[in-house]
Amino acid sequence: MKKAVTALVLSSLLAGSSLCAADKASSEATERVHRTMLMKDMRSMLDAMEQIQRGGLYSSSEDMKLGVKKLQGTLKTLESDEIKFILPKDQVYAYKFAQKTASMLRLYSDDMVTSIEAGRMDDALEDYTQLLKQCTSCHIRIRNW
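Report follows, based on the coordinates. Just so we're clear, the structure is a prediction, and the values are computed from it rather than from any experiment. (Residues numbered from 1 in each chain as written. Predicted model: local features only at pLDDT ≥ 70, side-chain atom pairs only at ≥ 80, totals over all residues. Heavy atoms only, no water.)

1. Details of the pattern of salt bridges
- Across all of its chains, the model carries 4 salt bridges by this definition.
- Among the salt bridges present, the one from glutamate 117 reaches lysine 65, with a minimum N-O distance of 3.8 Å. Of this pair, glutamate 117 sits in helix 3 (residues 94-117) while lysine 65 sits in helix 2 (residues 61-79); the two residues are 52 residues apart in sequence, bridging distant segments of the chain.
- Of the residues examined, glutamate 117 reaches a relative accessible area of 57% and is grouped as exposed.
- Residue arginine 120 pairs with aspartate 123 through a salt bridge whose shortest N-O separation is 2.9 Å.
- A relative accessible area of 37% means that arginine 120 is categorised as partly exposed. (Salt bridge = Lys/Arg side-chain N within 4 Å of Asp/Glu carboxyl O. Helix = DSSP H or I, 4+ residues; strand = E, 2+ residues; numbered from the N terminus. Buried < 20%, exposed > 50% of the residue type's maximum accessible area, 1.4 Å probe, protein only.)

2. Focus: the layout of surface pockets
- Taken as a whole, the largest pocket encloses approximately 620 Å³ of empty space.
- Of all the secondary-structure elements, those providing two or more residues to the lining of the largest pocket are helix 1 (2-57), helix 3 and helix 4 (121-142).
- The element contributing the most residues to the lining of the largest pocket is helix 1, with 9 residues. (1 Å grid on protein atoms, 1.4 Å probe; cavity = no way out; pocket = protein on both sides within 12 Å on 5 of 7 lines; lining within 4 Å. Points joined across faces, edges and corners; volume = space filled by probe spheres on them.)

What follows is the structure, encoded as structure tokens:
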């Protein structure tokens, strides 16, 4: 009887630890998928910034607007809870900082479109500078560069 109870307890413990390990592996796999998707969005943001800059340097307001549209399409990532997957766990302020950065990126990019449409390229390029400062600020603080 004791052997049967001991065997039952041991098998329950082993099954429980197996389930726990499976849950942890599943959680890590989910985090990797989110991280990969978010890093893809970060690369898209870089491409958008390059397109805006190229448009500004070649006086192509259409390229600048397309770059802004691409940038704003990726801001939903920064504004969502998914951003937590790539933020450092030890930095409590990181999530709020990312949210504020996203808000400022949206503000400056909206202003850039307004400036482009009004024919004020100097102002549009100043907005680009502000966008770049937001990117740099976030990377310096959160990525510890």
